[in-house]
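Descriptive structure summary
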Amino acid sequence: MDLPGETAPVSAPPVSAPPSTVDNGGQAPPVPEKPGTEDESATAAEPPAPPAESPAPEKPAPPSLHADAEQVLAGYRWRYDPDTLREVVEGARIDELAEVRRQLTEKLDGMADNGPRARLLSLRAVVSRLLGDLDKALSDGKLALAHAEATGQLRRIAIAQARLAHVMQWRGEYEEADRLFTLANSTELPDRLRATMHHQAGKCAYDQGRFIEACTHFEKALELRKEEDPDLIEQTELTLDAVFRGAAEKGFGPYPRSRGELLRIPKPLTATLDEHTRRWGFTDDLGVFRIAPRFTDVQPFREGTAWVQRPGSRHWELINEVGDLLIDHTAGYRGVGGFSDGIAWVSRDGTTGWIAVDRSNKVLVSTGFDDVRPFRRGLAAVRRDGRWGAVDSTGKLVVPLRYDGFATALFDGRYIDGFSDDGLAVVALGPYKGVVERAGRMLVSPMHPAVVIHPVALLFATPAQRWGALDRRGRPLLEAEYASRAEVADQLERLLTDARPIL
């Protein structure tokens, strides 16, 4: 809908087919997508823009409004209220921000691509929030997130989530704000961006009187900035002063919540063997059977469902968390996998011919495969005739069956069966590794003994065990002259600009 007093429509529907996730506006290319945008948090060396959330002099010089609105917004140096920890907008700056919002609206006019619309709408949500127009900010924030999700690009989605969370925080809708901040802070994002998100999540906890939780977030923000960051340190000193004043008056508040609590994920029932009947059932946190022990075998609950076997049957059945039967033994499944993304792999002989079904036993992928991995972000690795590829949830083969396996290693030490949150996968062909993206395009040919997905780059090793880096499009970034991948990461950190996205 059009906002009152503004001319640009903001309700163009998101495109149904997301574009490639690797061309995401600057995961590590040497040129930023656009000055002052969220993408500059992971851009190789450029003259640093002033951080978006750093204290300002008492009388900052007003930026020129003849400049691009995004550059103007990125150039602001904010002053914070020492008690509320919120940005202070007063005097002439109100008029400046109103003009920035008008210019953002003009830029939106006729903009059809999901990525730019997500960026501009979420920035306009930031400006509306600062101006106190929280209803407009909420509308723009939600629409920005829809456009970001249509791109499938992790960073765009995360920044849109964080900006919307900040609006929710100012509206006092803390439960949803906390959930969105938690969702946004993926370990696959650059440390600088994660530090900014932790800092803002800490402010949200502060608003709720959760002072221990706030301190935890501020501590994580400092840990993620491995080198000295004067602006972040100054902000943290301000926030900690406020926390200690609040704690002295009200106490430190509740103990910090877990990620599951913040995401409102209920703890699943636990598979438990009854010693008397020698049958399996499911118990709650207190050890009380919520589903009676009447099964000879069970699998853990995944996404609210669990596979079980009854005495005398070799076939699996599917139940929900109250024990209701969703798929019975007549389906004839002797091999089953837990649900992921609402989909489970099943096999009638237990070893081959794997197909994918939903909770109602509707067949989603009918082509039988010899081996499979769980769906993740809408894709699953599959094998037939000794070769691996990947299918989407409709059964379309998006990565051809030509590889010896998937070996997706992340810089944080995790290994993934398939694709990362950002839609990248490491594939193996003989002793060598390469990288494909979720649409099947080869980014890096299998020619390296090792490849690791870093938040802003692709790290690779040579046969001589020297490490270098490619950008997220597979282009050379750092020569293979480093003794370890940690040294490459340190060098990447030095190449990054010091700008952080405005949340």
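Residues numbered from 1 in each chain as written. Predicted model: local features only at pLDDT ≥ 70, side-chain atom pairs only at ≥ 80, totals over all residues. Heavy atoms only, no water.

1. Some remarks on the nonpolar core
Ranked by internal contacts, the top residues of the largest apolar core, which has 25 residues, are Ala 162, Leu 164, Met 168, Phe 181, Leu 189 and Met 197. Secondary-structure elements contributing two or more residues to this core are helix 4 (134–151), helix 5 (154–170), helix 6 (174–184) and helix 7 (191–207). In this structure Leu 164 touches Leu 138, Gly 141, Lys 142, Leu 145 and Leu 180, once residues within four positions along its chain are discounted. Formed by 22 residues, the second largest nonpolar core is a distinct cluster that contains Tyr 76, Val 89, Leu 97 and Leu 134. (Core = buried A, V, L, I, M, F, W, Y, C linked by side-chain atoms within 4.5 Å. Buried < 20%, exposed > 50% of the residue type's maximum accessible area, 1.4 Å probe, protein only. Helix = DSSP H or I, 4+ residues; strand = E, 2+ residues; numbered from the N terminus. Contact = heavy atoms within 4.5 Å.)

2. So, the environment of Pro 463
Considering the arrangement of structural elements, one finds Pro 463 in the loop between strand 23 (457–461) and strand 24 (467–470). Residue Pro 463 is classed as exposed on the basis of its relative accessible area, which comes to 70%. In sequence terms Pro 463 and His 448 are 15 residues apart; their C-alpha atoms lie 7.5 Å from each other.

3. Focus: the pairing of strand 6 (residues 317–320)
Side-chain alternation along strand 6 places Glu 317 and Ile 319 on one buried face and Leu 318 and Asn 320 on a second face that is also buried. When strand 5 (residues 305–309) meets strand 6, the two strands line up antiparallel, connected through four bridges. Bridge assignment links Trp 307 to a residue of strand 6, and that residue is Leu 318. As paired strands, strand 6 and strand 7 (residues 325–327) are joined by two bridges and run antiparallel to one another. From the neighbouring strand, Leu 318 faces strand 7, where its bridge partner is Ile 327. The loop that links strand 6 with its antiparallel partner strand 7 comprises four residues; one of these, Gly 323, has a positive phi angle of about 90 degrees. (Pairing = 2+ DSSP bridges.)

4. Let's talk about the packing of aromatic side chains
Applying the stated criterion to the full structure yields eight aromatic pairs. Seen from their ring centres, Phe 282 and Phe 301 are 4.7 Å apart, and the 70 degrees between their planes marks the pair as edge-to-face. Here the residue Phe 282 occupies a position in strand 2 (residues 279–283), and Phe 301 occupies one in the loop between strand 4 (297–298) and strand 5, the gap between them amounting to 19 residues. Since its relative accessible area comes to 0%, Phe 282 is described here as buried. Here Phe 406 and Phe 419 contribute two aromatic rings whose centre-to-centre distance is 6.0 Å and whose plane-to-plane angle is 55 degrees, an arrangement assigned as tilted. Highlighted residues: Phe 406 in strand 16 (residues 405–406) and Phe 419 in the loop between strand 18 (415–416) and strand 19 (424–429), separated in sequence by 13 residues. A network of ring pairs unites the aromatic residues Trp 307, Tyr 333 and Phe 339 as a single cluster. The ring of Trp 78 carries the charged tip of Arg 93 above its face, separated from the ring centre by 5.5 Å. The side chain of Arg 359 reaches across the aromatic face of Phe 339, ending 5.5 Å from its centre. (Phe/Tyr/Trp six-rings, centres within 6.5 Å; stacked < 30°, edge-to-face > 60°. Lys NZ or Arg CZ within 6 Å of the ring centre and 35° of its normal.)

5. A short note on the side chain of Gln 169
Note that Gln 169 resides in helix 5. Taking relative accessible area as the criterion, Gln 169 reaches 2% and is therefore assigned buried. Residue contacts for Gln 169: discarding those within four places in its chain leaves Arg 86, Tyr 174, Ala 177, Phe 181, Gln 200, Lys 203, Cys 204 and Asp 207.

6. A look at the packing of helix 5 against helix 6
With their axes 8 Å apart at the nearest point, helix 5 and helix 6 run at an angle of 160 degrees to one another. As the angle between them shows, helix 5 and helix 6 are arranged roughly antiparallel. Along this stretch, helix 5 crosses helix 6, giving a crossing that reads as left-handed. Contact residues: Ala 158, Gln 161, Ala 162, Leu 164, Ala 165, His 166, Met 168 and Gln 169 in helix 5; Tyr 174, Glu 176, Ala 177, Leu 180, Phe 181, Leu 183 and Ala 184 in helix 6. Its residues placed into classes, the contact of helix 5 with helix 6 shows 11 nonpolar, three polar and one charged. (Axes fitted to C-alpha atoms, helices over the stretch in contact; angles between N-to-C directions. Parallel < 35°, antiparallel > 145°, perpendicular 65-115°, else oblique. Left-handed = near helix turned anticlockwise from the far one by under 90°. Nonpolar A, V, L, I, M, F, W, Y, C, P; charged D, E, K, R; others polar.)

7. Observations regarding the pattern of salt bridges
By the definition in use, this model includes 35 salt bridges. Ionic pairing is found between Glu 70 and Lys 107, a salt bridge with its closest N-O pair at 2.5 Å. You can see Glu 70 sitting in helix 1 (residues 69–75) and its partner Lys 107 sitting in helix 2 (residues 92–108), a full 37 residues away along the chain. Using a relative accessible area of 1% as the deciding quantity, one classes Glu 70 as buried. Between Glu 176 and Arg 179 there is a salt bridge, with its nearest N and O atoms 2.7 Å apart. Here Glu 176 and its partner Arg 179 are both found in helix 6, three residues apart, which amounts to about one turn of the helix. Overall, the relative accessible area of 22% leaves Arg 179 in the partly exposed class. Connected through shared salt-bridge partners, Asp 68, Glu 70, Lys 107 and Arg 119 make up one network. (Salt bridge = Lys/Arg side-chain N within 4 Å of Asp/Glu carboxyl O.)

8. Focus: unusual backbone geometry
A positive phi angle, close to 65 degrees, is found at Leu 85, a residue other than glycine. Here Leu 85 shows up in the loop between helix 1 and helix 2. Taking the relative accessible area as the measure of exposure, Leu 85 reaches 3% and is therefore buried. In the Ramachandran plot, Glu 303 falls in the positive-phi region, its phi being about 55 degrees despite a non-glycine side chain. Mapping Glu 303 onto the fold places it in the loop between strand 4 and strand 5.

9. Focus: the environment of Phe 301
On the accessibility criterion, Phe 301 (5% relative accessible area) is buried. When the C-alpha atoms of Phe 301 and Phe 282 are compared, they prove to be 9.2 Å apart, with 19 residues separating the residues in sequence. In this view, Phe 301 contacts Pro 268, Leu 269, Phe 282, Ile 291, Ala 306, Ile 319, Asn 320 and Glu 321; residues no more than four positions away in its chain are not counted.

10. A closer look at the pairing of strand 14 (residues 387–392)
Successive side chains on a regular strand alternate, one facing one side of the sheet and the next facing the other. Counting buried residues in strand 14 gives five out of six residues, a clear majority hidden from the surface. Sheet analysis places strand 14 next to strand 15 (residues 397–403), joined by three bridges and oriented antiparallel. Its bridge partner being in strand 15, Trp 388 is matched across the sheet by Tyr 403. Once strand 14 ends, the chain turns through four residues before running back antiparallel as strand 15, passing Gly 395 with a positive phi of about 95 degrees.

11. Considerations on helix 7
Across its 17 residues, helix 7 extends 24 Å between first and last C-alpha, which sits within 8% of the 24 Å expected from 1.5 Å per residue. Within two residues after helix 7, Gly 209 carries a phi angle of roughly 75 degrees, on the positive side. (Expected span 1.5 Å × (residues − 1).)

12. Let's talk about the sheet that holds strand 1 (residues 270–274)
Here we have three strands laid out as an open sheet, ordered 1-2-3, and antiparallel in their pairing. Single-partner strands in this sheet number two, and they are strand 1 and strand 3 (289–295). Each strand axis lies, on average, 25 degrees off the axis of its neighbour in the sheet, ignoring direction. Here strand 1 pairs with strand 2 via five bridges, running antiparallel. Paired with Ala 271 across the bridge in strand 2 is Phe 282.

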